Amino acid sequence: MVEEFMEISKEDIENVENALKVNSDYKLKNTNFNVKTFEKGQDIILIQYVANVENELVFKTRFENGKYYISSTFALFMDTIITGNVSRDVFQSVYQYFHEVIADEENDFADEKEELINFLVLTEEYDKDQLEIDLDPVKIREEYKSDHDRIYGDDSLNRVQKSLALKELLHMSICQVVNDLELFFTRPLDFTPEEHAEKNRQESKALENELQLS
């Protein structure tokens with residue numbers, strides 16, 4: 001069977017390369033996804049993760065007359081790799097970055113920050129200069145420490161209320177970076193059962209007060 005090829009631009013090769021660094025559904029098996037791989041005519045093998053099943057995808061590459069080519073079947077996967085499950089992947093990536101930055105104050109996270117920014121700008125919804133500010137590890141840590149000191153210095157709050165409030169503020173900071181309105185109405189992923197119960201109590205109280213006012 002004759003292999004059919006499609007042309008792929010250098011920009012798209014770079015977009016796929018950056019997306020593969022953070023996309024949890026696809027991983028490279030044997031080589032890099034970059035122009036050098038195409039220039040050498042090497043096969044690219046991707047492992048696709050669907051539920052608990054791993055699928056091996058093999059794509060041939062070519063480089064002729066200054067143009068890059070890949071097996072035409074790659075067209076079925078390219079958009080999904082770059083932009084598929086973007087909302088989920090964006091939130092998870094920013095969430096993980098924030099928590100790792102706060103947990104490890106000795107690491108400057110320069111490489112992780114660059115990779116995350118490259119991934120986010122692929123969606124064309126983010127301003128790179130603003131991301132440089134929002135994802136600055138020093139800024140993230142300082143704001144978290146300020147919130148922590150203010151909340152834990154409030155004697156009117158109990159232990160669970162303090163923990164809940166700090167997690168909610170961090171969640172809001174992450175949501176502001178992701179800039180997805182629906183996420184602002186969600187709860188932090190790391191709420192404990194105690195914190196969920198306290199949040200339910202707070203929401204019930206707020207609803208009760210609202211009904212009384214109306």
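This text follows the structure it describes.
Figured I'd write up the structure that's included with this text. (Residues numbered from 1 in each chain as written. Predicted model: local features only at pLDDT ≥ 70, side-chain atom pairs only at ≥ 80, totals over all residues. Heavy atoms only, no water.)

1. Focus on the environment of Ile8
Then, in step 1: Here Ile8 lies in strand S1 (residues 5-8).
Then, in step 2: Since its relative accessible area comes to 2%, Ile8 is described here as buried.
Then, in step 3: With 125 residues separating them along the chain, Ile8 and Ile133 place their C-alpha atoms 33 Å apart.
Then, in step 4: The contacts of Ile8, once residues within four sequence positions are left out, are Ile13, Phe38, Tyr68, Tyr69, Ile70, Phe74 and Met78. (Helix = DSSP H or I, 4+ residues; strand = E, 2+ residues; numbered from the N terminus. Buried < 20%, exposed > 50% of the residue type's maximum accessible area, 1.4 Å probe, protein only. Contact = heavy atoms within 4.5 Å.)

2. A short note on the sheet that holds strand S5 (residues 61-64)
Then, in step 1: Ordered by their spatial adjacency, three strands build an open sheet running S1-S6-S5, and the pairing between neighbours is antiparallel. A single partner strand is all that each edge strand has here, and the edge strands are S1 and S5. On average, each strand axis in the sheet is inclined to that of its neighbour by 30°, with strand direction left out of account. (Pairing = 2+ DSSP bridges. Axes fitted to C-alpha atoms, helices over the stretch in contact; angles between N-to-C directions.)

3. So, the nonpolar core
Then, in step 1: Core analysis: the largest hydrophobic core is formed by 23 residues, its most contacted members being Val94, Tyr97, Phe98, Leu120, Leu135, Ile174 and Val178.
Then, in step 2: Of all elements in the fold, only helix H4 (86-103), helix H5 (110-121) and helix H8 (159-178) reach the threshold of two or more residues within this core.
Then, in step 3: Counting 21 residues, the second-largest nonpolar core is a separate cluster that includes Phe33, Ile44, Phe77 and Leu122. (Core = buried A, V, L, I, M, F, W, Y, C linked by side-chain atoms within 4.5 Å.)

4. Considering the side chain of Asn34
Then, in step 1: Looking at the secondary structure, you find Asn34 in the loop between strand S2 (26-28) and helix H2 (35-40).
Then, in step 2: Residue Asn34 is classed as buried on the basis of its relative accessible area, which comes to 15%.
Then, in step 3: With residues up to four places along the chain from it excluded, the contact list for Asn34 reads Ile13 and Glu17.

5. Thoughts on the pattern of salt bridges
Then, in step 1: Taken as a whole and judged by the stated rule, the model has 12 salt bridges.
Then, in step 2: Across the salt bridge formed by Glu195 and Lys167, the nearest N and O atoms sit 2.9 Å from each other. Linking Glu195 in helix H9 (residues 193-213) with Lys167 in helix H8, this pair joins segments that are 28 residues apart in sequence.
Then, in step 3: The exposure class assigned to Glu195 is buried, which follows from its relative accessible area of 3%. (Salt bridge = Lys/Arg side-chain N within 4 Å of Asp/Glu carboxyl O.)

6. Quick notes on the pairing of strand S6 (residues 67-71)
Then, in step 1: Burial runs high along S6: four of the five residues are buried.
Then, in step 2: As defined by bridge partners, S1 adjoins S6 across four bridges and the pair is classed as antiparallel. Note on S6: the bridge partner recorded for Phe5 is Ser71.
Then, in step 3: Pairing of S5 with S6, which is carried by four bridges, proceeds in the antiparallel orientation. What sits directly across from Thr61, in S6, is Ile70.
Then, in step 4: From the end of S5 to the start of S6, which pair antiparallel, there are two residues, and Asn65 there has a positive phi angle of about 50°.

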